[in-house]
Every structure is written in structure tokens, then in C-alpha cells.
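Residues per chain, in single letters:
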Amino acid sequence: MPPITVLIKPASSLCNMSCEYCFYCDEANKRTHDSYGFMSEKTLKNTIRKTMLRAEGSIHYAFQGGEPTLCGIDFFKKALAYQRRYNKNNVEVSNALQTNGFTLTDEWCSFFKENNFLIGLSVDGTEKIHNSYRHTKSGDSTFERVINSAKLLDKYKVDYNILTVVTSDVARNISDIYHFYKKQGWKYQQYIACLDPIDEERGTKSYSLTSEIYGEFLIKLFDLWDKDYKKGKDPYNRQFINYINLAGGYMAESCEQNGVCGIQTVVEADGSVYPCDFYAMDEYRLGNFNENNMSEIDEKRFEIGFVEKSFKLDSGCRECKYYRVCRGGCQRNRDFNQDSGLYSNYFCKAYKIFFDACYDRILEIAKSLS
């Protein structure tokens, strides 16, 4: 069995911030239950027991939200204890946590360091842009507190990366943002294209990306990154590294860049299981760890054909000269054609704009590393 990845939402959609574009709030609002509250110890135990006993080789737990730190440190101490108790197959266990950084403390950072957690810290660019989208429920700014959290992570030498949601404002100001991140010493960066609400018209929100804006963003960011790459001072950029790996004939480490949905296990606070964080909705529910085992959940995964849908790309995509590195992008960004029964990516034009400008350099880097 390949390594297992388990994404746990211990606080469901509960959060101490209110971000304008939050895709999980959108999903939660379209479910029967918008929030399942905090995960009980019983559910935590069943989730870890049933996944640990199924794992071979390695297993990775990622805690996301909402805001997972709302559960408190004791919750995560119990999670680690259950991991140790049920590691009957002596698999390698790793833990990660994605946080908005609003309430991190010395105690949290000491815990992360002591237990080798990889932290994802959400920051959306410079202060003005960040505060315009990532604020408290009362509209107050959060930027200063998040920057202080980054300093705390540095103080305790915690491994962390910066996750930035690419809104239209982020895209238009990427040069300023890149240099700001560089000044902070942030060596590990992820840029995630902002998602429009699921099953709604794309491009209508203030934060929405168009293909033209996203394509130009990718070019500008790659130019900045490539300039530093040639100097040996480049920050790690997962998206670009994956393109280079694909150009070199290897697989990407992220399913959205492989173009085919991976086998994910996303667990809500009540124990319900879903095939992807972007599809944690009633119609995609695979079961519940308080009632079902992994085999039953995998049977349901096959029954709904979730992964199989991602293979249904239109011929224009598969025949494109950039398919080698593009792979049709993430299924969540694809639109279904009723006539053909196939999907095409909303950002197709963006990728063509980007690869028209940068493809040769990507190939050159891949060749130099072979």
C-alpha cells in the first residue's frame, strides 16, 4: 500500500478569523451541517486507530480547518499518544498543521518544535492586501499578529512554510510581495490559486482570478524566482519545482499538478470522511470512522467514482504541447461539458500564457538536473 495521508479538521469550520474567500466556509454552508464543532476524543481515537493499523511504510497526518489550534494543545498531545499506541506496524509518522497564526504562543511553538510538526502559516502578501482579505469577524486587521507568529516560529526553529492564496490583488502585486517575503527570510513558499465558490459562476467575486491575471502572475513570479535560482538563492516554490519534475519525466508531489486526483482521506470533526478537502460536501461523503473501517470507506470511494472523474479530460487538453507539465490542472478548477461528458480547466488560458513565456526555461532547468 502507498503511504497514507490523513487530513483532519478537528475544529471543523470553526475559526477565529473571517477570510473573504474561504473555500471551506463555502463548502460548509452548502452542507446539511455547516459545522461539526470540535472533534471528540472518541472520534480522534477511532480516526488514528483505523488509519494507523492500515498504514504500511509511512503515514502523514495534516491538521487543518477552520483553525485547528482552537482545539488546544492537549488535543494534539492526545493525537500523538494515539499515534504511538497504534503504531503496530512500526511505520514512519509525520505531522503537519496549517494555521492562520492569529493566536500562536511560545507554548504552541515549543510544542511544534519538540514534536517535529511542519507548520503552514497563511500570509497573503503585504500588510494592506493581507488585511483586506484576512481579518477578524469584526473586521479588525490580523497582519501584525501573524507576522509576530512567524517570528515566534523562527525563535523556536520550527520548520514552516508560507501559504499565500493568490487573489487578483496578490497577483497584481506579486513583485512587491516576493521582495517582502525575501526580506522576511521566508525560504519555503506555496501559492494557491484562489477558488471561486463551488458550482457558482466563476470570476464574479472581488477576489476572483481571471486567466489573464493568473497567467501574468505566474510569469512575473517565475521571472523573480528564476533570477534567484540562477544565483542559488531561490526560495522553494512547490508549483515551479513540480513543473520542473514533470518536465524531467518525474511525477509531481501534488495531485493537482499530476492532473489526477490522489487517494486522500479527509476527516471532519464528527468522523465523516471525504475524498478531497475541496469536496467535503454531503454528496461526496465516504463514511465515518466511528462506524466504518478503511476498507468500507475505500469501497465507497470507488463506488462514487471520484478519482475516475479526473481522467475525463477533453482532447484539446491531452493534445496540447504543454500537457507534459500542465496535466490539465486541479479537478476543482475544471468545468464539465454536458455535450462531450469531459472536463476542461478554467485556467487553461492562464497556463498557456505562462508556458508560452517560460516553458523553455523550465525544460532547461529540468535538463540541467537530469
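Cut-offs used in this document
- Each chain has its residues counted from 1, running along the sequence as written.
- This being a predicted model, a pLDDT of at least 70 is required before a residue's local features are given, and a value of 80 or more before pairs of side-chain atoms are given or counted; all residues contribute to the totals for chains, interfaces and linings.
- Water and hydrogen atoms were dropped before computing side-chain values, which therefore reflect all heavy atoms in the structure.
- UniProt positions are given in the numbering used here, feature names are shortened, and annotations may be inferred rather than shown by experiment.
- Strands were regarded as paired on the criterion that DSSP finds at least two bridges between them.
- Helix numbering and strand numbering both begin at the N terminus, where a helix is a DSSP run of H or I of at least 4 residues and a strand a DSSP run of E of at least 2.
- For crossovers, right-handed means that the path from the first strand over the helix to the second runs clockwise, given strands pointing away from the viewer.
- Take the buried residues of types Ala, Val, Leu, Ile, Met, Phe, Trp, Tyr and Cys, join any two whose side-chain atoms come within 4.5 Å, and each joined set is a nonpolar core.
- Think of it in three bands: residues with accessible area under 20% of the maximum for their type are buried, residues over 50% are exposed, and the middle band is partly exposed, with areas taken using a 1.4 Å probe on protein chains only.
- By the convention used here, residues are in contact when the closest approach between their heavy atoms is within 4.5 Å.

Under an unreviewed UniProt entry, the name given to the protein chain is Anaerobic sulfatase maturase, and the organism recorded is Lachnoanaerobaculum saburreum F0468. Word for word, the UniProt comment on the protein chain under Cofactor (unreviewed entry) is "[4Fe-4S] cluster". Under the heading Sequence similarities (unreviewed entry), UniProt records this for the protein chain: "Belongs to the radical SAM superfamily. Anaerobic sulfatase-maturating enzyme family."

Asks: Tell me about the sheet that holds strand β4 (residues 92–99), and please be specific about residues and values.
Replies: The strand order across the open sheet built from 10 strands is β9-β8-β7-β5-β4-β3-β1-β10-β11-β12, with neighbouring strands paired in mixed fashion. Sheet topology places β9 (236–237) and β12 (287–288) at the edges, where each strand pairs with a single neighbour. Pairing between strand β1 (residues 4–8) and strand β3 (residues 58–63): five bridges, direction parallel. Within β3, the residue paired with Ile4 across the bridge is Ile59.

Asks: Provide a residue-level description of the environment of Gly316, including the pertinent values.
Replies: You can see Gly316 is positioned in helix α14 (residues 315–318). The spacing of Gly316 and Ile8 is 308 residues in sequence and 37 Å in space, taken between C-alpha atoms.

Asks: Explain the pairing of strand β8 (residues 188–193) residue by residue, including any values.
Replies: Bridge analysis of strand β7 (residues 160–166) against β8 gives five bridges, and the strand direction is parallel. If you follow Val166 over to β8, its bridge partner there is Ala193. For β8 and β9, the ladder comprises two bridges, and the chain directions are parallel. The residue of β9 that forms the bridge with Tyr188 is Tyr236. In this view, the connection linking β8 to its parallel neighbour β9 by way of helix α9 (residues 211–230) has right-handed handedness.

Asks: Quick one: what's the story with the nonpolar core, residue by residue and with numbers?
Replies: Judged by nonpolar contacts, the single largest core of 97 residues is most densely connected at Phe112, Tyr214, Phe354 and Phe355. Not counting the four nearest positions on each side in its chain, Phe112 is found in contact with Leu97, Leu104, Phe117, Ile119, Leu153 and Val158. Of all hydrophobic cores here, the second largest spans eight residues; its members include Cys261, Cys276, Met281 and Phe306.

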